[in-house]
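Observations on chain architecture
Residue strings, one per chain:
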Amino acid sequence: MAETEKKENRRAAYSKRVIKESFIELLDQKPLSKISVKEICDMADVNRCTFYSYFEDIYDLHKKIMQEFYDKQRLIAKQTREELKQMMKCGRKITVDDVYKLMVEMLELIMENIEISKIIYNPNSENKIHLELGQMYFDMLVPIGFPTHSKPRVEWLKNAYTFVTGGFTGTIYLWIIRDFPETLETMALNLSRHIYNVLIDPRINFEG
């Protein structure tokens, strides 16, 4: 790659990074609808042309930042799904330790992206991450662990996943803004036990 091209790539990466960082900082102070491109550019020390080279508007910027984080979570979920599928083929059931491993990876991702996590997990933010997470976990675990469930049971599980992950996101948000009063391992253990007991091993009879 030519030196000039390398410089352009570094410049583009830097510009996108400072724009995103400035936007996230502003988003921590005010609603999305109250943020302007000018504010972002002033804080990032870039011109408006630079901003519009990479993003259509602030909503496109917001969407791309959310999507990047979701994609990282989905990658963890996909890798976990494949591991669980192989495990199930060998005749072993999903255990709370398997959920714990997933929670550790998810929490590590959050701690690596603290500022964006504050925005994403804020219950008052303009996103529906609990619905995203609920569907993601449902798609990952239910077809593997419960392939023969009756329709009433599957419908209950869908609602339970959304309900529990709503509480999950609220718990994560409090953990972040309180400056992590519990260790990552303790939080992962508590979350994994709740998720396992309610979602993976719910002892409820739906067959009447």
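For the structure itself, consult the block above.
Quick summary incoming for the structure in this document. (Residues numbered from 1 in each chain as written. Predicted model: local features only at pLDDT ≥ 70, side-chain atom pairs only at ≥ 80, totals over all residues. Heavy atoms only, no water.)

**Some details on the overall build of the protein chain**
Helix and strand content of the protein chain: nine helices and zero strands. Taken over 208 residues, the protein chain has a buried fraction of 42%. Considering only intrachain contacts with a sequence separation of at least 6, the fraction spanning at least 24 residues in the protein chain is 69%. Put simply, the protein chain shows about 12200 Å² of open surface, and 51% of that area lies on carbon and sulfur atoms. (Helix = DSSP H or I, 4+ residues; strand = E, 2+ residues; numbered from the N terminus. Buried < 20%, exposed > 50% of the residue type's maximum accessible area, 1.4 Å probe, protein only. Contact = heavy atoms within 4.5 Å. Areas by Shrake-Rupley, 256 points an atom, 1.4 Å probe, with all protein chains shown as cover.)

**Here's the deal with unusual backbone geometry**
Not every positive phi belongs to a glycine, and Asp 45 is a case in point at roughly 60°. Tracing the backbone through its elements, the reader meets Asp 45 in the loop between helix H2 (37-44) and helix H3 (48-54). A positive phi angle is found at Phe 180, which is not glycine, with a value near 55°. You can see Phe 180 is positioned in the loop between helix H8 (151-177) and helix H9 (184-200).

**Digging into the nonpolar core**
Grouped together as the largest cluster of nonpolar side chains are 52 residues, with contacts concentrated most on Phe 23, Ile 40, Phe 51 and Leu 107. Broken down by secondary-structure element, the contributors of at least two residues to this core are helix H1 (3-27), H2, helix H4 (58-89), helix H5 (96-112), helix H6 (114-121), H8 and H9. When residues of this core are assigned to their parent elements, the largest contribution, ten residues, is made by H4. Leaving out residues up to four positions away in the same chain, Phe 23 has contacts with Leu 32, Ile 35, Ile 40, Ile 58, Leu 61, His 62 and Ile 65. (Core = buried A, V, L, I, M, F, W, Y, C linked by side-chain atoms within 4.5 Å.)

**Notes on the side chain of Ser 22**
On the secondary structure map, Ser 22 appears in helix H1. You can call Ser 22 buried: its relative accessible area is 5%.

**Side note on the pattern of salt bridges**
In this structure the tally under the stated criterion is ten salt bridges. For Asp 71, the salt bridge goes to Arg 74, with nearest N and O atoms at 3.3 Å. Of this pair, Asp 71 and Arg 74 both sit in helix H4, three residues apart, roughly one helical turn. On the basis of relative accessibility, which here comes to 39%, the residue Asp 71 falls in the partly exposed class. Under the relative-accessibility criterion, Arg 74 is labelled partly exposed at 33%. (Salt bridge = Lys/Arg side-chain N within 4 Å of Asp/Glu carboxyl O.)

**Observations concerning the packing of aromatic side chains**
Two aromatic rings, taken as a pair, are described by how far apart their centres are and by the angle between their planes. Taken as a whole and assessed by the stated rule, the structure comprises four aromatic pairs. Judged by centre distance (5.6 Å) and plane angle (50°), the rings of Phe 51 and Phe 55 are tilted. Across the pair, exposure class does not vary: Phe 51 and Phe 55 are buried alike. Residues Trp 175 and Phe 180 carry aromatic rings whose centres are separated by 4.7 Å and whose planes lie at 80° to one another, so their mutual orientation is edge-to-face. For Trp 175, a relative accessible area of 2% corresponds to the buried category. Within the aromatic cluster, the residues linked to one another by ring pairs are Phe 51, Tyr 52, Tyr 54 and Phe 55. (Phe/Tyr/Trp six-rings, centres within 6.5 Å; stacked < 30°, edge-to-face > 60°.)

**Describing the environment of Ile 172**
Its place among the elements puts Ile 172 in helix H8. Judged by relative accessible area, Ile 172 falls into the buried class, the value being 0%. Sequence separation between Ile 172 and Lys 118 is 54 residues; the distance between their C-alpha atoms is 9.0 Å. Not counting chain neighbours up to four residues away, the residues in contact with Ile 172 comprise Leu 107, Ile 110, Tyr 121 and Leu 191.

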